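Chain by chain, the residues:
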Amino acid sequence: MSKRALITGTTGQDGAYLAKFLTEKGYEVYGTYRRLSTPNFWRLQYLNIFDQIQLIPCDLLDSDSLSEALKISNPDEIYNLAAQSFVGASFEQPTSSGEITGLGVTRLLESVRQSCPNARVYQASTSELYGNNIWAPQTEVTPFAPSSPYAAAKLYAYYITEIYRESYGLFACNGILFNHESPLRGLEFVTRKITNAVAKIKLGLETELLLGNMDAKRDWGYAVDFVKAMWLMLQQDKPMNFVIATNEAHSVFEFVEKAFSHANLDYRDFTISDERFFRPCDVEHLCGDYSKAKKVLGWEPEVRFDELVKLMVDTDLERWTRAKAGEHFPWDAFNYPNENRILSRTWKIDR
Ligand code: NAP
Ligand code: F7E
């Protein structure tokens, strides 16, 4: 009999790639989605797996819907990927970010404890937990020092996962994943914001790219590599936490330079620093040591920084070329508003 997996947040970047990965492994895949005024299944459609996933309406704010999702799916494995995942937005909506990204995990774990305590749980933890601490590269034992409402909510989620493991014997793992990107990344995150802008500029559809802190360094990997590590964690004999990273840090500036130069453009002609895109508090340098994952899971990243930048630029160029030619296909950028028109209290305008 095939294994059953429940993915919360299957409409997001990782949820879509993980759903594809598990479907290919022969799993029966159930995915939760939120009721929105406009449906958001483009990633599942883009990967051509929409028809292979059983969709369940569910919200991390709503315990009943979580219990129902567990009852319907009766899962062997649960991947909790749902979250308000954008650090910038967590400064604008600190309370709801805490409710969803922090307390939402308790709602899920409590439902698991009550209705399917033998299911294995993956919790999407993050390198943002390390914040601006002084130790690098970061490992599973590096102290945490969160620097945003998002990171504080994820810290709570990390510890409640530990507590349910220790107190009730749940098989629950924290995957401490460093930034991972792809052509399915949301447009508000810096990598995709850059590659989408490069493609538009190259095709004459845009003239500038406004950015905030370009000195920040991140350890950027490829989402397709990273979802495999989530699955590996749940195949072990006992539940453990793992850092998943590439052990290379690059600045936003380096990403910009490489993305423009891949399209034969000079970033200096188009890139503008804009106060509005600086965060009230930013994490300056993250770099992960994935030795434990390599040793225990046999996991290593396959796609590195240069290849990642190129594949993201190439995909956005191809999409805008197809869109210009009048083609319709599942995609997000066509409807995305110009970010410059968004007003936010975290943006430093005339204060
Ligand atoms: P993402 O693209 O933003 O996807 C987040 C998912 O959560 C979406 O499906 C979203 O649904 C869903 N969601 C949001 N609020 C919800 C709620 N109240 N109830 C139920 N579902 C809700 O994020 P991602 O990049 O795939 O990341 C997956 C997880 O890994 C997140 O928990 C994130 O915090 C964590 N993480 C990500 C990274 C990274 O670099 N990508 C690194 C470390 C950890 P809608 O589509 O309806 O919005
Ligand atoms: O920012 C700087 C920004 O929003 C990266 C999430 O998946 O990874 C992600 O969080 C850096 C920051 O990702 C702009 O200030 C400059 O220093 O792409 P980001 P993030 O904040 O690292 C972690 C691991 C997660 O867990 C999260 O869920 O880029 N930056 N200028 C900018 N960032 C954005 N978004 N937009 C700019 O214009």
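Residues numbered from 1 in each chain as written. Chains lettered and ligands numbered in written order. Predicted model: local features only at pLDDT ≥ 70, side-chain atom pairs only at ≥ 80, totals over all residues. Heavy atoms only, no water.

### Some points on the sheet that holds strand E11 (residues 242-244)
Right, so step 1: Spatially, the seven strands line up as an open sheet ordered E3-E2-E1-E4-E5-E6-E11, and their pairing is parallel. Only two strands of the sheet have a single neighbouring strand rather than two, namely strand E3 (54-57) and E11. Strand-to-strand twist across the sheet, computed as the mean angle between neighbouring axes with direction ignored, equals 25 degrees.
Right, so step 2: Bridge analysis of strand E1 (residues 4-8) against strand E2 (residues 28-33) gives four bridges, and the strand direction is parallel. Each bridged residue has a counterpart across the sheet, and for Ala-5 the counterpart in E2 is Val-29.
Right, so step 3: On the sheet, helix H5 (residues 94-115) packs against strand E4 (77-80) and strand E5 (120-126) and is oriented at approximately 170 degrees with respect to E4.
Right, so step 4: The strands touched by helix H8 (residues 223-233) are E4, E5, strand E6 (171-177) and E11; relative to E6, the strand with the most contacts, the crossing angle is about 155 degrees. (Pairing = 2+ DSSP bridges. Helix = DSSP H or I, 4+ residues; strand = E, 2+ residues; numbered from the N terminus. Axes fitted to C-alpha atoms, helices over the stretch in contact; angles between N-to-C directions. Contact = heavy atoms within 4.5 Å.)

### Digging into the packing of helix H3 (residues 63-73) against H5
Right, so step 1: Here H3 crosses H5 at 45 degrees, and the two axes come no closer than 9 Å. If you check the angle between H3 and H5, you find them oblique. Once H3 is placed against H5, the crossing between them reads as right-handed. Along its contact with H3, which presents Ser-63, Leu-66, Ser-67 and Leu-70, the element H5 presents Gly-104, Arg-107, Leu-108, Ser-111, Val-112 and Ser-115.
Right, so step 2: Partitioned by chemical class, the residues of the contact of H3 with H5 number four nonpolar, five polar and one charged. (Parallel < 35°, antiparallel > 145°, perpendicular 65-115°, else oblique. Left-handed = near helix turned anticlockwise from the far one by under 90°. Nonpolar A, V, L, I, M, F, W, Y, C, P; charged D, E, K, R; others polar.)

### Looking at the site of ligand 2
Right, so step 1: The immediate surroundings of ligand 2 are formed by 22 residues, with Ser-85, Thr-126, Tyr-150, Arg-279 and Asp-282 found nearest.
Right, so step 2: Take Tyr-150: an N or O atom from its side chain is 2.7 Å from an oxygen atom of ligand 2.
Right, so step 3: Out of a free accessible area of 700 Å², ligand 2 has 95% covered by protein chains.
Right, so step 4: Of the residues contributing to the shell around ligand 2, the split by class is nine nonpolar, six polar and seven charged. (Near = heavy atom within 4 Å. Polar contact = N/O pair within 3.5 Å; in protein donor to acceptor, adjacent residues only side chain to side chain. Areas by Shrake-Rupley, 256 points an atom, 1.4 Å probe, with all protein chains shown as cover.)

### Let's talk about helix H9 (residues 252-262)
One full turn of an α-helix is made of 3.6 residues, so residues set three or four places apart face in the same direction.
Right, so step 1: Among all positions of H9, only Val-252, Phe-255, Val-256, Ala-259 and Phe-260 are buried. The arc that holds the buried residues of H9, viewed along the axis, is 120 degrees, so those residues lie on one side.
Right, so step 2: Along its buried surface, H9 packs onto helix H7 (190-202), strand E8 (209-211), strand E12 (250-251), strand E13 (271-273) and helix H11 (305-324).
Right, so step 3: One or two positions beyond H9, positive phi appears at Asn-264, with a value near 60 degrees. (Buried < 20%, exposed > 50% of the residue type's maximum accessible area, 1.4 Å probe, protein only. Arc of directions from axis to C-beta.)

### Regarding the domain arrangement of the chain
Right, so step 1: The assigned domain composition of the chain is domain 1 (4-181 + 220-244) and domain 2 (190-218 + 251-284 + 305-348).
Right, so step 2: Each of domain 1 and domain 2 has a C-alpha centre, and the two are 26 Å apart.
Right, so step 3: The interface of domain 1 with domain 2 comprises 18 residues on the first partner and 25 residues on the second.
Right, so step 4: Where domain 1 abuts domain 2, roughly 2,000 Å² becomes buried across the two surfaces, and 62% of that area is made up of carbon and sulfur atoms.
Right, so step 5: Taken together, domain 1 and domain 2 are joined by one salt bridge.
Right, so step 6: Where Glu-128 meets Arg-218, a salt bridge forms, and the shortest distance between an N and an O atom there is 3.8 Å.
Right, so step 7: Every element with two or more residues in the side of domain 1 that touches domain 2 is listed here: helix H2 (42-46), helix H4 (87-92) and strand E10 (221-222).
Right, so step 8: Looking at which element gives the most residues to the side of domain 1 that touches domain 2, the answer is H4, with four residues.
Right, so step 9: Partitioning the side of domain 1 that touches domain 2 into residue classes produces eight nonpolar, seven polar and three charged. (Domains from an automatic or database assignment. Buried area = accessible area lost by both parts, 1.4 Å probe. Salt bridge = Lys/Arg side-chain N within 4 Å of Asp/Glu carboxyl O.)

### Some thoughts on the environment of Phe-305
Right, so step 1: Among the secondary structure elements, Phe-305 is positioned in helix H11.
Right, so step 2: Taking relative accessible area as the criterion, Phe-305 reaches 2% and is therefore assigned buried.
Right, so step 3: Residues Phe-305 and Asn-132, spaced 173 residues apart in sequence, show a C-alpha to C-alpha distance of 22 Å.
Right, so step 4: Beyond its immediate stretch of four places on either side in the chain, Phe-305 contacts Trp-220, Glu-248, His-250, Glu-254, Phe-255 and Lys-258.

### Remarks on the side chain of Thr-8
Right, so step 1: Among the structural elements, Thr-8 can be located in strand E1.
Right, so step 2: For Thr-8, the side chain forms a polar contact with the main-chain nitrogen of Leu-81, separated by 3.0 Å.
Right, so step 3: Apart from the residues within four sequence positions on either side, Thr-8 is in contact with Thr-32, Tyr-79, Asn-80, Leu-81 and Ala-82.

### Section: the site of ligand 1
Right, so step 1: Neighbouring ligand 1 are 26 residues, the closest being Thr-11, Arg-34, Asn-40, Ser-85 and Tyr-150.
Right, so step 2: Within the contact set of ligand 1, a nitrogen atom lies 2.9 Å away from a backbone nitrogen or oxygen of Leu-60.
Right, so step 3: Note that an oxygen atom of ligand 1 is positioned 2.6 Å from one of the side-chain N or O atoms of Tyr-150.
Right, so step 4: Protein chains bury 91% of the 900 Å² of accessible surface belonging to ligand 1 in isolation.
Right, so step 5: Contributing elements (two or more residues each) for the shell around ligand 1: helix H1 (13-24), E5 and helix H6 (149-168).
Right, so step 6: Tallying contributions element by element places E5 first for the shell around ligand 1, with three residues.

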